[in-house]
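Examining the three-dimensional arrangement
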Amino acid sequence: MLKIGPYEFQSRLLLGTGKYPNFDVQKEAVAVSETEVLTFAVRRMNIFEPNQPNFLEKLDLEKYKLLPNTAGAKTAEEAVRIAKLAKASGLCDMIKVEVIGCPKTLLPDPVETLRASEMLLEEGFIVLPYTSDDVILARRLQDLGCHAIMPGASPIGSGQGIINPLNISLIIEQATVPVIVDAGVGSPTDAALAMELGADGVLLNTAVAGAEDPVKMAKAMKLAIEAGRLGYEAGRIPKKRYATASSPMEGMSTV
Amino acid sequence: MELTINGEVIKLPTNVLTVADLLTHFQLNEKIAMVEVNLSIIERSHFAETKLSNGDKVEIVHFVGGG
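Values in this document were obtained by computation on a predicted structure and should not be read as measured data.

**Remarks on the layout of surface pockets**
The calculated volume of the largest pocket comes to roughly 380 Å³. Lining the largest pocket are 27 residues, with A:Glu98, A:Ile156, A:Asn205, B:Gly66 and B:Gly67 sitting closest to its centre. For the lining of the largest pocket, the elements supplying multiple residues, two or more each, are strand S4 (37-44), strand S10 (201-204) and helix H7 (206-209) of chain A. By residue class, the composition of the lining of the largest pocket is 10 nonpolar, 12 polar and five charged.

**Remarks on the pairing of S4(A)**
Taken across its eight residues, S4(A) has six buried, putting it largely inside the fold. Here strand S3 (residues 13-15) of chain A pairs with S4(A) via two bridges, running parallel. Counted as the bridge partner of A:Leu14 is A:Val37 from S4(A). Across four bridges, the pairing between S4(A) and strand S5 (residues 65-68) of chain A is parallel. Directly across from A:Thr39, in S5(A), lies its bridge partner A:Leu67. Across five bridges, the pairing between S4(A) and strand S5 (residues 57-65) of chain B is antiparallel. Paired with A:Val42 across the strands is B:Phe63, a residue of S5(B).

**Concerning the interface of chain B and chain A**
Facing the 27 residues of chain B at the interface are 31 residues of chain A. Each partner contributes to the roughly 2700 Å² buried at the junction of chain B and chain A, and carbon and sulfur atoms together form 63% of this total. When the area that chain B buries against chain A is broken down by residue, the three leading residues are B:His62, B:Phe63 and B:Gly67, summing to 26%. At the junction of chain B with chain A, the criterion picks out three salt bridges. In this structure, the salt-bridge partner of B:Glu36 is A:Arg81, at a minimum N-O distance of 2.6 Å. There are 15 residue pairs in polar contact (both at pLDDT 80 or more) connecting chain B and chain A. Only strand S2 (8-11), strand S3 (34-37), strand S4 (40-42) and S5 of chain B provide two or more residues apiece to the side of chain B that touches chain A. The greatest single-element share of the side of chain B that touches chain A, amounting to seven residues, is contributed by S5(B).

**Some details on empty space enclosed by the protein**
Using a probe with the size of a water molecule, rolled over the atoms, empty space left in the structure can be pinpointed. Tallied over the full model, the rule gives one cavity of 30 Å³ or more. As a volume, the largest cavity reaches approximately 80 Å³. Looking at the largest cavity, the residues that line it are A:Met45, A:Glu49, A:Pro50, A:Gln52, A:Asn54, A:Leu56, A:Glu57, B:Leu28, B:Lys31, B:Ile32 and B:His62. Per-class residue counts for the lining of the largest cavity are five nonpolar, three polar and three charged.

**A few points about the sheet that holds strand S6 (residues 94-97) of chain A**
Within a sheet, each strand pairs with its neighbour through backbone hydrogen bonds, oriented either parallel or antiparallel. All names here are of chain A. Strand order in the open sheet formed by three strands is S6-S7-S8, with parallel pairing between adjacent strands. Each edge of the sheet is formed by a strand with only one pairing partner; in this case those strands are S6 and strand S8 (150-151). The pairing of strand S7 (residues 126-131) with S8 spans two bridges and is parallel. Residue Thr131 lies in a different strand from S8, and its bridge partner there is Pro151. Running over the sheet, helix H3 (residues 110-122) touches S6 and S7 and is turned about 175 degrees from S7.

**Some remarks on the confidence of the model for chain B**
Looking at chain B, pLDDT values average 96 and 100% of them are 70 or higher. As scored by the predictor, the complex reaches a pTM of 0.94 and an ipTM of 0.95.

**Describing the packing of aromatic side chains**
A full pass over the atoms with the stated rule returns three aromatic pairs over all chains. For the pair A:Phe48 and B:Phe26, a centre-to-centre distance of 5.7 Å together with 85 degrees between the ring planes defines the contact as edge-to-face. Taken together, the positions of A:Phe48 in the loop between S4 and S5 and B:Phe26 in the loop between helix H1 (19-25) and S3 put the pair across two chains. Relative accessible area serves as the criterion here: at 49%, A:Phe48 is assigned to the partly exposed category. Cation over ring: A:Lys96 sits above A:Tyr130, and NZ or CZ is 5.3 Å from the ring centre.

About the criteria used
- Residues numbered from 1 in each chain as written.
- Chains lettered and ligands numbered in written order.
- Predicted model: local features only at pLDDT ≥ 70, side-chain atom pairs only at ≥ 80, totals over all residues.
- Heavy atoms only, no water.
- 1 Å grid on protein atoms, 1.4 Å probe; cavity = no way out; pocket = protein on both sides within 12 Å on 5 of 7 lines; lining within 4 Å.
- Points joined across faces, edges and corners; volume = space filled by probe spheres on them.
- Helix = DSSP H or I, 4+ residues; strand = E, 2+ residues; numbered from the N terminus.
- Nonpolar A, V, L, I, M, F, W, Y, C, P; charged D, E, K, R; others polar.
- Buried < 20%, exposed > 50% of the residue type's maximum accessible area, 1.4 Å probe, protein only.
- Pairing = 2+ DSSP bridges.
- Contact = heavy atoms within 4.5 Å.
- Buried area = accessible area lost by both parts, 1.4 Å probe.
- Salt bridge = Lys/Arg side-chain N within 4 Å of Asp/Glu carboxyl O.
- Polar contact = N/O pair within 3.5 Å; in protein donor to acceptor, adjacent residues only side chain to side chain.
- Axes fitted to C-alpha atoms, helices over the stretch in contact; angles between N-to-C directions.
- pLDDT = per-residue confidence, 0-100.
- Phe/Tyr/Trp six-rings, centres within 6.5 Å; stacked < 30°, edge-to-face > 60°.
- Lys NZ or Arg CZ within 6 Å of the ring centre and 35° of its normal.

If you want it as structure tokens, here you go:
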């Protein structure tokens, strides 16, 4: 069970909704993934095309919690504005704080992320900051009262996987709130590793949306996250330098 | 009345008086739309009573796919 603020989820996979080839594939991928949390961005409407399709309208909103992001914000103030616009929909009170500090790497601005999180907590949001894998920053965010910490595995959409498993594991070790590994996951291996390290969940988008078969990848990610979590709970064996035989040495029949 | 909607100056007929009228005019009243007027966010429950004035800056946004 994953508990974020007042909400409880069976699934530990949080899924982004961007960049799918079409809505039909997306809808099937979302269903197969068994996710209960979907992220969205807030953008201007094309007011001259009222009939343009919107993925949100194709969803049973009873089944999913919406986690809008503040993507596009470069400052805390911009992030707060986007968060308030999202909340004005009346559909959500969770917010993924995303304040980008560099257009090339899309790495989060740590100072603005911290400021935005503090302001949004004061406004009563359920606050999930997307942050770098900096261990001390993660601690500062949880000390503020953030409801989950979402360190990036590697740059957004890069598919490089967890480039600093030490930092991710230190963030998990000190955590008093759920840790969701967010961004940079490329393959089921990456998702399973995050869970084996003890993460409480994984948020991904491009790894599924950009796969050759998004529906199949959604299933793979679901299974990888479940397998990784089970492995973490089961407790893996320590790594040893030399072999230890699995078969007994006694009672060997020799000629 | 002229409004700046999503950065574009648009002339509106005289029967558009409120935020709710504006959304109906563009056939967006059934959509999940969030509205800001002169940097103040308008709650859905206040759409009908929020009057618009010439020169107001209006933002109409919605949820799109994102990660």
